[in-house]
Amino acid sequence: MVAPAFSSSVALSNRPTRGANAVCNRRPVRACASKVSDSEWQERLSPAEYVVLRNGRTEWPWSSELNGEKRDGAYHCVACNAQLFESDTKFNSGTGWPSFWAPVEGAIKLKEGLFDRLVGQREVSCASCGGHLGHVFRDGPKPTGERFCINGITLRFAPKIEGGGDE
Ligand SMILES: [Zn+2]
């Protein structure tokens, strides 16, 4: 006899949980992203997003359709929705990863470990949720000379609405 493997306390599901998480998703992200546990990130993110954002892995080059994105708009963190980059700092680096010469002010954090120093890079992560985004190198175009080489899977592009009349 095999007992049914039911238990209300371990209802495993990959779907976003309702309740606390759903509320958190509607609030300003900065206020709640830092409180998200690792298991919650696993639920919120796809497996591919999770290994990049939370485990610091790198997506395959040319795998992101944002490589060819040329419209005006803003690039947000796919995990917490913070705005990270703007389209007017995006450039074609030819590397196979979406590249920018500057982030939105205050949107990212930089870290430089020993390996990073050896290869001339710094790790780039989201200042709001701490998610790994990519690396920055010092071979970028003017005016900054920096190349933010970002995993496209960590970004969500929001095209600028034509005739929005933002002023
Ligand atoms: Zn984030």
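Residues numbered from 1 in each chain as written. Predicted model: local features only at pLDDT ≥ 70, side-chain atom pairs only at ≥ 80, totals over all residues.

Visitor: Where do I start with the confidence of the model for the protein chain in this structure?
Guide: When pLDDT is low, close inspection of the predicted coordinates is not appropriate. Residue-level pLDDT values for the protein chain average 84, and 77% of them are 70 or greater. Within the model, the stretch residues 1-31 combines pLDDT values under 50 with 14 contacts to residues more than four positions away or in other chains. (pLDDT = per-residue confidence, 0-100. Contact = placed C-beta atoms within 7 Å.)

Visitor: Teacher, can you tell me more about the environment of Gly 130 here?
Guide: Its place among the elements puts Gly 130 in the loop between strand E6 (121-126) and strand E7 (132-137). Taking the C-beta count within 10 Å as the criterion, Gly 130 has 16 such neighbours and is therefore assigned partly exposed. Between the C-alpha atom of Gly 130 and that of Ile 108, which follows or precedes it by 22 residues, the distance is 8.6 Å. (Helix = DSSP H or I, 4+ residues; strand = E, 2+ residues; numbered from the N terminus. Buried ≥ 20, exposed ≤ 12 C-beta atoms within 10 Å, placed from the backbone.)

Visitor: Is there a simple way to think about the environment of Glu 123 in this case?
Guide: Here Glu 123 is to be found in strand E6. Under the C-beta neighbour-count criterion, Glu 123 is labelled partly exposed, with 18 such atoms within 10 Å. Separated by ten residues in sequence, Glu 123 and Leu 133 have C-alpha atoms that sit 7.9 Å apart. In this view, Glu 123 contacts Leu 110, Lys 111, Asp 116, His 132 and His 135; residues no more than four positions away in its chain are not counted.

Visitor: Just checking my understanding: could you explain the sheet that holds strand E4 (residues 99-100) for this structure?
Guide: Within a beta sheet, neighbouring strands are joined by backbone hydrogen bonds and run either parallel or antiparallel to one another. Spatial ordering of the open sheet is given by E3-E4-E8-E7-E6-E5, a layout of six strands whose pairing is antiparallel. In the strand order of this sheet, the two ends are held by strand E3 (90-91) and strand E5 (108-111), each with one partner. The pairing of E4 with strand E8 (residues 147-150) spans two bridges and is antiparallel. Residue pairing for E8: Ser 99 is matched across the bridge by Cys 149. (Pairing = 2+ DSSP bridges.)

Visitor: Quick question: what am I supposed to make of the sheet that holds strand E2 (residues 83-86) here?
Guide: In space, the three strands of this open sheet follow the order E2-E1-E9, with antiparallel pairing throughout. In the strand order of this sheet, the two ends are held by E2 and strand E9 (155-159), each with one partner. Across the sheet, the mean angle separating the axes of adjacent strands is 30° when strand polarity is ignored. (Axes fitted to C-alpha atoms, helices over the stretch in contact; angles between N-to-C directions.)

Visitor: Looking at this structure, I do not really get unusual backbone geometry. What am I missing?
Guide: Following Lys 142, the chain continues into Pro 143 via a peptide bond in cis, with omega recorded as 10°. Within the element layout of this structure, Pro 143 appears in the loop between E7 and E8. The backbone of Trp 62 sits at a positive phi, close to 65°, despite the residue not being glycine. For Trp 62, the position within the fold is in the loop between helix H4 (47-53) and strand E1 (73-77). At Asn 81, a residue that is not glycine, the phi angle is positive and equals roughly 75°. Looking at where Asn 81 falls in the secondary structure, it is placed in the loop between E1 and E2. Judged by C-beta crowding, with 18 C-beta atoms within 10 Å, Asn 81 ranks as partly exposed.

Visitor: Help me understand the pairing of E7, please; the structure alone is not making it clear to me.
Guide: Along any regular strand the residues' side chains alternate between the sheet's two faces. Most of E7 sits inside the fold, with five of its six residues counted as buried. Note that E6 and E7 share five bridges and pair antiparallel. Each residue of the ladder has a partner; that of Ser 125, found in E7, is His 132. What sits between E6 and E7 in their antiparallel hairpin is a turn of five residues, with Gly 130 showing a positive phi close to 80°. Here E7 runs beside E8; their pairing, made up of four bridges, is antiparallel. Looking across to E8, one finds that Gly 134 is bridged to Ile 150.

Visitor: Is there a simple way to explain the nonpolar core in this structure?
Guide: Across soluble globular proteins, nonpolar side chains show a tendency to be buried alongside one another. With 25 residues, the main nonpolar core has Cys 77, Ala 79, Leu 84, Cys 126 and Ile 150 as its most contacted residues. Put simply, the parts of the chain that give this core at least two residues each are H4, E1, E2, E6, E7 and E8. Per element, the largest residue contribution to this core is three residues, and it comes from E8. In this view, Leu 84 contacts Tyr 75, His 76, Cys 77, Pro 103, Val 104, Ala 107, Ile 108, Cys 126 and Leu 155; residues no more than four positions away in its chain are not counted. (Core = buried A, V, L, I, M, F, W, Y, C linked by C-beta atoms within 7 Å.)

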